[in-house]
Structures are given as structure tokens and as C-alpha cells.
Amino acid sequence: MNPRANLVRIVAKDFVDDTRPVIESAALIAAQAAALLRQGSQVVISVHGLRGVSSSFFNVVLAGVADVLGPDLVNGRFSVDTETVTQRMIFERSLDAFRQPR
Amino acid sequence: MHVSLVGSFDDDARDLKVLLELLAEIHGTKSVRKWRLNCCDTKYLGPWAVSVLYAAYLRAQQLGQHPRIRLPEGPPALKAFCVFAGLSSLFENGPAPNPEHPDCETIPIENFTHASWDRSNRIIQLLKRHTVLGAEREDQIRSCIQEIIQNIVDHSNSPVGGVMSARYFQGSAEIRIGIVDRGIGIAAKVRETSPETTSTQGALQMVIRGGFSSRSRPNNMGLGVSNLFGLISAAGGRIALFTGDAFAESRPGMNAPQICAATSAFPGTGIFFSLPVLP
């Protein structure tokens, strides 16, 4: 990442309402990430402390980021900080799927 | 219509197949026709079978069939399970389940229509009452549940939503979970965007491989079922998925999931899995 750009860490857990649908919080996170990226920031989304993140969650987040960065999502301005092996596996599969031509 | 379930219906694909054969007439009738399911002589019902029965019951109520289910009369452990799982309360006006009871190793059966974060809370709380659950294992369990539930909400068009049943087995240190919908099935959903898919087995191959999606939401990538099989295999668990006239199964020791034709069609999709829960 460019050390000169403003680096913002989004803590996904802050957007979670346990009683609400998972993709609802994903959409909020995606909107926040997209807004920051448009301003020129570098964004890290942390899913530390979250349990039960699904492919749908990452798909919604990545779709929002892709709206700004295009399909080459992890280009130095965006990354996801995972905590568990499960989160990393699910995220990387979603990321690979996004990078495939459709 | 009277159907009797005699014998044991363990949490494995073989017993599920037998169960579905016995329920074929109940599953196949959409008319307003009363049915009675007699489980008096059933010796074992696990969470997998229970989720199928409750989904059938809910659908039957919607169709005006006035379903009646008579629960097992013994052995004592099975009667206790029926109370703790909420079946006695639901089907026989029996006592309400008490999840806090020290002997309770199951969650009250659930019916859901949304994929919220807290859907797996009761299962995790159950496990934490009985064993030590690390962050990694908790995340595996929650993610598996979330993948299934999100699929039901996004793709199934199930008129009863989804049903979930779970039970912890201390002896084998595992959690067994059954999640069922009464929707259109995986093959029908796949054919909406891939009409050349002629068989349910072919549709199952596609979703287990991953990367196919009906795009019911624009950013669906079709990874849910594939992730689920991958997670369970990596954790040393086992899974059976029944949909329409086929089923898929994966167990430790299998190189790849096995996909076969089912002898009796399942009117929806049922996903049944177990995961080791070792401290």
C-alpha cells in the first residue's frame, strides 16, 4: 500500500446488529469502504471478533469495493484482515470468484 | 393417511433415505388430506430426522392437512430429547423445553425466515455449556450454518422458511445439525439460469464445485454449498445433502463428495452435517 495515503481501518464488528441479516451489515460496511476509497483513502476491513462470516458477506463487501476499484480489488488500496482460518478461506474464495471474468 | 416410523433413524444418510421413503406419501400430497405420523415405536430420532419431520409438519399446516405426530413412548433418553427439542410442546401440548437444564444437549427446534447473525447463537451456547469451544471451531460451526441459512433465504423460495435442529453428543464429541427447507430444490434453481442442466445430480455437481449462481442477488458468486463441503471436510466432519431426487454425501476417508440418485424425492433441500467438537 502507498504509505502516503490515508489508511483507514474499518472494524466490521462495529456494523453488526446480531438480530439483523448478515448482508445488511455487509452492505453498510461496503458503503463505508467505497466512500473512503473514493476519497483516496486506503482501506483495511477487519473481521476480527466476528464469527460466522459467510461468502455472502464477503461478496457484498467486495461488490461495493469493486464499484470503486474495479475487478482488481486487492491493488494496494484495499485489504481484509482476517482472524481465523475459516474467515481467510471464505474470503479468498470470494475474492477469486470476483476476479474471474463474467 | 397413517404412517408409522418403526425402528431407529440415526443421523446418517442411509437412515435418512429410509425416512424419506416412509414419508414419501406425506411429502407427495399437496391436497387437503389429513395425515397422522405415528412414532410410538421409534427407538431413535436424531436432529437430522427431526428437522425433516418438523418441516413436513409446518408445510402440512399451511396446506390445511391438520397433521398429527405422535411421539415415541420410549426409551427415556429419547422421550427426554423430544421434550428438550420442543417436540413434545409442539406436537402433544407437552412441557416446554428448558435449554438451561443441565441434561439438555439439544436446542429447541427452530423455524426461521431471515439469515441473521444470531441464528447460530443457541447452538454455540449449548456447546459452551458442555465443552470448551475454541474460536476457530466456533467460527467453523457458525460459518457452516450461515452458508446454509443464507442459501435458504436467497434461493429456496421455501413457503415455510427453514427449520433447524441440533444436538450435542458428548460420547462422540460432535455436534449434529439438520437444516431443512421446503422450497424448489437446487436443480430447479440451477435450471433458472442454466436450463441445459438436465439432472439433479448434475446440478449438485455444479454447486458443490462452486462458481455457479442463480444470481438471485447481483453479487451472488455461487460459493455457499462449495464452501460448506470444504469447511466440513477440512474439519473432519460429515455431511449429507438431499434435494429433489438426488443426494450428496461426504465423510472422512472419501476423496470427493459422492453424488447419487435418491430412492425417494425430497420436496425441498435438507442439509445435514456433523462436526467434531474436541476441547
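About the cut-offs
Residues numbered from 1 in each chain as written. Chains lettered and ligands numbered in written order. Predicted model: local features only at pLDDT ≥ 70, side-chain atom pairs only at ≥ 80, totals over all residues. Heavy atoms only, no water. Helix = DSSP H or I, 4+ residues; strand = E, 2+ residues; numbered from the N terminus. Rg over C-alpha atoms; globule rule 2.2 N^0.38 Å. Contact = heavy atoms within 4.5 Å. Areas by Shrake-Rupley, 256 points an atom, 1.4 Å probe, with all protein chains shown as cover. Buried < 20%, exposed > 50% of the residue type's maximum accessible area, 1.4 Å probe, protein only. Lys, Arg positive; Asp, Glu negative; His and termini not counted. Charge placed at Lys NZ, Arg CZ, Asp CG, Glu CD. Phe/Tyr/Trp six-rings, centres within 6.5 Å; stacked < 30°, edge-to-face > 60°. Lys NZ or Arg CZ within 6 Å of the ring centre and 35° of its normal. 1 Å grid on protein atoms, 1.4 Å probe; cavity = no way out; pocket = protein on both sides within 12 Å on 5 of 7 lines; lining within 4 Å. Points joined across faces, edges and corners; volume = space filled by probe spheres on them. Nonpolar A, V, L, I, M, F, W, Y, C, P; charged D, E, K, R; others polar. pLDDT = per-residue confidence, 0-100. Salt bridge = Lys/Arg side-chain N within 4 Å of Asp/Glu carboxyl O. Core = buried A, V, L, I, M, F, W, Y, C linked by side-chain atoms within 4.5 Å. Axes fitted to C-alpha atoms, helices over the stretch in contact; angles between N-to-C directions. Parallel < 35°, antiparallel > 145°, perpendicular 65-115°, else oblique. Left-handed = near helix turned anticlockwise from the far one by under 90°. Buried area = accessible area lost by both parts, 1.4 Å probe.

Caption draft 1: Quick look at the overall build of chain B. Helix and strand content of chain B: ten helices and ten strands. In summary, chain B has a C-alpha radius of gyration of 18 Å against a globular reference of 19 Å for 279 residues, a match within 12%. Across chain B, every contact between residues at least 6 apart in sequence was considered, and the portion connecting residues at least 24 apart equals 65%. As displayed, chain B offers around 10900 Å² of accessible surface, 49% of which is attributable to carbon and sulfur atoms.

Caption draft 2: Expanded view of the overall build of chain A. When you go through chain A residue by residue, the secondary structure sums to three helices and three strands. Each helix and strand of chain A, ordered N terminal to C terminal, gives the series β-α-β-α-β-α. Considering only C-alpha atoms, chain A reaches an extent of 35 × 30 × 20 Å along its principal axes. Residues counted as buried form 50% of the 102 residues belonging to chain A. Considering only contacts in chain A between residues 6 or more positions apart, those separated by 24 or more positions represent 76%. With 11 positive and 10 negative side-chain charges, chain A shows a spacing of 5 Å between the two charge centroids.

Caption draft 3: View of the environment of Val153 of chain B. All names here are of chain B. Tracing the sequence through the fold places Val153 in helix α7 (residues 135-156). Remark: the alpha-carbon pair of Val153 and Thr198, spanning 45 residues in sequence, is separated by 24 Å. The contact partners of Val153, leaving out residues within four places of it in the chain, are Thr113, His114 and Ala115.

Caption draft 4: Examining the packing of aromatic side chains more closely. Applying the stated criterion to the full structure yields nine aromatic pairs over all chains. Judged by centre distance (5.4 Å) and plane angle (80°), the ring pair of Phe57 of chain A and Phe58 of chain A falls under edge-to-face. Accessibility assignment for this pair places Phe57 of chain A and Phe58 of chain A in one class, buried. Their ring planes at 10° and their centres at 5.0 Å tell us that Phe242 of chain B and Phe247 of chain B sit as a pair that is stacked. Through pairs of rings, three or more aromatic residues link up here, namely Phe57, Phe58 and Phe91 of chain A together with Trp117 of chain B. Residue placement shows Arg176 of chain B over the ring face of Phe169 of chain B; its charged tip is 3.8 Å from the ring centre.

Caption draft 5: Spotlight on empty space enclosed by the protein. For the structure on display, the rule yields three cavities of 30 Å³ or more. In this structure, the largest cavity spans a volume of roughly 420 Å³. Taken together, 32 residues make up the lining of the largest cavity; nearest its centre are Asn151, His155, Ile186, Val207 and Val225 of chain B. Going through the elements one at a time, α2 (55-69) of chain A together with α7, β8 (174-181), α8 (186-193), α10 (224-234) and β10 (258-276) of chain B are the ones with two or more residues in the lining of the largest cavity. Residue composition of the lining of the largest cavity, by class: twelve nonpolar, 16 polar and four charged. There is about 40 Å³ of room inside the second largest cavity.

Caption draft 6: Up close: the confidence of the model for chain B. On average, residues of chain B score 93 in pLDDT, and 97% of them are at 70 or above. In the model output, the complex is listed with pTM 0.95 alongside ipTM 0.93.

Caption draft 7: A look at the pattern of salt bridges. Per the stated rule, a full pass over the model turns up 18 salt bridges over all chains. In this structure, the salt-bridge partner of Glu24 of chain A is Arg20 of chain A, at a minimum N-O distance of 2.7 Å. For Glu24 of chain A, a relative accessible area of 33% gives the class partly exposed. The partner of Arg176 of chain B in a salt bridge is Asp11 of chain B, with the nearest N and O atoms 2.7 Å apart. Of this pair, Arg176 of chain B sits in strand β8 while Asp11 of chain B sits in the loop between β2 (7-9) and α1 (13-22), and the two are 165 residues apart along the sequence.

Caption draft 8: Just the nonpolar core, in detail. If you look at the biggest cluster of nonpolar residues, it comprises 75 residues, and the most contacted ones within it are Ile45 and Phe57 of chain A together with Ile123, Ile141, Ile175 and Ile177 of chain B. Per-element tally for this core: the top contributor is α2 of chain A, with nine residues. Apart from residues lying up to four places away in sequence, Ile177 of chain B is in contact with Trp48, Ile123, Ile141, Ile145, Met164, Ser165, Ala166, Ile271, Phe272 and Phe273 of chain B.

Caption draft 9: Molecular detail of the packing of α1 of chain B against helix α3 (residues 47-62) of chain B. Residues and elements named next belong to chain B. Put simply, α1 and α3 touch, their axes get as near as 10 Å, and they point 25° apart. What the angle tells us is that α1 and α3 run roughly parallel. The interaxial crossing formed by α1 with α3 has right-handed handedness. For the pair formed by α1 and α3, the contact residues are Ala13, Leu16, Leu19 and Leu20 on the first element and Trp48, Ala49, Val52 and Leu53 on the second. The class makeup of the residues in the contact of α1 with α3 is eight nonpolar, no polar and no charged.

Caption draft 10: Structural view of the interface of chain A and chain B. Facing the 31 residues of chain A at the interface are 28 residues of chain B. Together, the buried faces of chain A and chain B total about 2500 Å²; carbon and sulfur atoms form 57% of this surface. Of all residues in chain A, Arg51, Thr86 and Arg93 of chain A give up the largest surface area on contact with chain B, accounting jointly for 24% of the area buried on that side. In this structure, the connection of chain A to chain B is made through zero salt bridges. When contributions to the side of chain A that touches chain B are tallied by element, the ones reaching two or more residues are α1 (22-38), α2 and α3 (85-99) of chain A. By residue number, the principal contributor to the side of chain A that touches chain B is α3 of chain A, which donates nine residues. Considered class by class, the residues forming the side of chain A that touches chain B number 14 nonpolar, eleven polar and six charged.

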